[in-house]
Amino acid sequence: MNNKVSFLTQNFGKYDTSSIDSYMKIGGFSALRKAVKMEGEDIATLIAENKVRGRGGAEYDMGRKWSQARKVPGNNHIIICNADEGETTTFKDRELIKNDPFNLIEAMIIAAYVMRATDGYIYMRAEYACFRPLLLNAIRQAHKYGFLGKNILGIEGFDYEIHLYSGAGAYVCGEGTALIRSIEGKAGRPRMKPPFVKVSGAFARPTCLQNVESLSLVPHLLLDDEKVYQSYGVGDSVGTKMISVGGNVRHPGAFEIPFGTTVRDIIYGLAGGIQGDRKIRLIQFGGASGKIATDDILDTPYTYQDLRAHGVMVGSGALCVVDERTSVIDFLRINQDFFSEESCGQCTPCREGNLHIKIILDKIKAGTATKEDIAVMEKIARVMSMSSLCGLGETAQNTLRSAIEVFPEVFAVGGAEA
Ligand SMILES: Cc1cc2nc3c(=O)[nH]c(=O)nc-3n(C[C@H](O)[C@H](O)[C@H](O)COP(=O)(O)O)c2cc1C
Ligand code: SF4
């Protein structure tokens, strides 16, 4: 039942992460050397051929994004690496930063070549401050070796700098426009779109925002002449995926798996099963805004399509496994606390909606909720998803809404709590 693979993680443990020489001894920067002999559009096509979807949660077609971004006029584009990783139970990007920092820097330089970027930003969550020295060292050494700075690899006009930026602990700053405002020194609050960031992003310059895992894949795909990546996966879910498994499992951790691994093999194989051999109450997929399923999902292959058919999503790649000791309402209540705290408060449906749902969940827990309360709660959840300004408010009630579908008995007035 060991479905661990190492395509994206192939460099883990193979080099000294503080030394560019060590990285180059295992072939580091050969993907960049190969990339600069190619047309930028061909690199975008390569990503599209491998059917890579962005790994930050929205699952957007990455090859298409690069192709669109490079067509935006201008020669001072910006690449942003989203290392905010604020979703609960999500800690896979952390592993990529910690174990393969030079690969991430190389990926950002390749992205700059493709999109004619002159600046790159790594926006890292406040709690990852321990990785700042590692990344700053990698940036400094890349500079010294001519992979950053002016006329990179001797190519006239290929000028690029990478800046490292730390957030201040707000989950909402993982949202693209809030993140950009934070980089610009403004309050990290989302803004309306358009203008879209690919046209007018950071400092009003064309910007391409990409998750750590999405970027980290690029150097490996460029060197994958044997098409090893495509040998993994099922149907449209090509290749491998980093996932993080947490909650009441015996061995929480981040794993690279081939798409198509069953949820059972992930939970009972890689993560060692449930602590104390207890029963599963629910599994939340894709972070705090993810939907939930019961253990009837165990034999479902982990693919974009199969998870969707089962009512959940890959999202951020997290699986939070909750055992029978926690009730559905207690779980929802904890989740709700997260959103009430993290809402930036800018728009009414999200600010007030999260608060009122919290109050009604407390009433359900106390056994005092009326039918009207439940109806109001469902209505608030619907309104929030339709009228919030950003993805936080739009998706905050995914968990609640799926819980109502999966565990209707919990919300029946006078019914027993599961
Ligand atoms: C509230 C909120 C938080 C988000 N947090 C993250 C995050 O921590 N990391 C991330 O990569 N994407 C996050 N996203 C998604 C980003 O907005 C964006 O879609 C993503 O960084 C694009 O990269 P990708 O296409 O490689 O996934 C968040 C979105 C929202 C609405
Ligand atoms: S939806 Fe929530 S987080 Fe997003 S802008 Fe509105 S209040 Fe802020």
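What counts, and at which threshold
Residues numbered from 1 in each chain as written. Chains lettered and ligands numbered in written order. Predicted model: local features only at pLDDT ≥ 70, side-chain atom pairs only at ≥ 80, totals over all residues. Helix = DSSP H or I, 4+ residues; strand = E, 2+ residues; numbered from the N terminus. Rg over C-alpha atoms; globule rule 2.2 N^0.38 Å. Buried ≥ 20, exposed ≤ 12 C-beta atoms within 10 Å, placed from the backbone. Contact = placed C-beta atoms within 7 Å. Near = placed C-beta within 6 Å. Nonpolar A, V, L, I, M, F, W, Y, C, P; charged D, E, K, R; others polar. Domains from an automatic or database assignment. Pairing = 2+ DSSP bridges. Expected span 1.5 Å × (residues − 1). Arc of directions from axis to C-beta.

A look at the overall build of the protein
Moving on, step 1. Along the protein, the regular secondary structure elements total 16 helices and 11 strands.
Moving on, step 2. The C-alpha radius of gyration computed for the protein amounts to 22 Å, which stays within 12% of the reference 22 Å derived for 418 residues, consistent with globular compactness.
Moving on, step 3. Reported as C-alpha extents along the three principal axes, the dimensions of the protein are approximately 75 × 45 × 35 Å.
Moving on, step 4. Sorting the 418 residues of the protein into buried and exposed places 50% on the buried side.
Moving on, step 5. For the protein, the proportion of contacts with a sequence separation of at least 24, taken over those separated by at least 6, is 71%.

Re the site of ligand 1
Moving on, step 1. Taken together, 22 residues form the shell around ligand 1, and within it Gly54, Gly56, Gly174, Asn211 and Gly391 come nearest.
Moving on, step 2. Elements that contribute at least two residues to the shell around ligand 1 include exactly strand 4 (207-211) and helix 15 (391-395).
Moving on, step 3. In terms of residue class, the shell around ligand 1 is made up of 7 nonpolar, 11 polar and 4 charged.
Moving on, step 4. Domain assignment of the residues forming the shell around ligand 1 places at least three in each of domain 1 (20-222) and domain 3 (328-411).

Overview of the site of ligand 2
Moving on, step 1. For ligand 2, the set of nearby residues contains 14 residues, the closest of which are Cys344, Cys347, Cys350, Cys390 and Gly393.
Moving on, step 2. Among the elements of the structure, helix 13 (348-366) and helix 15 are those that each provide at least two residues to the shell around ligand 2.
Moving on, step 3. Looking at the shell around ligand 2, its residues break down into 8 nonpolar, 5 polar and 1 charged.

Here's the deal with the sheet that holds strand 11 (residues 318-323)
Moving on, step 1. Within the open sheet, the 5 strands sit side by side as 8-7-11-9-10. Their pairing is mixed. The strands lining the two open edges of the sheet, one partner per strand, are strand 8 (253-258) and strand 10 (292-293).
Moving on, step 2. Direction of pairing for strand 7 (residues 240-247) relative to strand 11: parallel, over a ladder of 4 bridges. Across the sheet, Gly246 pairs through a bridge with Cys320, a residue of strand 11.

Things to note about helix 13
Moving on, step 1. Between its terminal C-alpha atoms helix 13 stretches 27 Å, which fits the 27 Å expected from 19 residues at 1.5 Å a residue.
Moving on, step 2. The complete set of buried residues in helix 13 reads Cys350, Gly353, Asn354, Ile357, Leu361 and Ile364. Mapping the buried residues of helix 13 onto a view down its axis gives an arc of 100 degrees, with all of them on the same face. With respect to the buried face of helix 13, the exposed residues turned more than 90 degrees away are Ile359 and Ala366.
Moving on, step 3. Where helix 13 is buried, its residues meet helix 12 (328-342), helix 14 (371-387), helix 15 and helix 16 (398-406).

Regarding the domain arrangement of the protein
Interfaces are often sized by the accessible area lost when the parts come together.
Moving on, step 1. Looking at the assigned domains, one finds that the protein contains domain 1 (20-222), domain 2 (232-323) and domain 3 (328-411).
Moving on, step 2. Between domain 2 and domain 3, the C-alpha centre-to-centre distance is 24 Å.
Moving on, step 3. Contact with domain 2, which involves 12 residues of that partner, is made by 12 residues of domain 3.
Moving on, step 4. For the side of domain 2 that touches domain 3, the secondary-structure elements that each account for two or more residues are strand 9 (280-285) and strand 10.
Moving on, step 5. By residue number, the principal contributor to the side of domain 2 that touches domain 3 is strand 9, which donates 3 residues.
Moving on, step 6. Here the side of domain 2 that touches domain 3 is built from residues that sort into 5 nonpolar, 5 polar and 2 charged.

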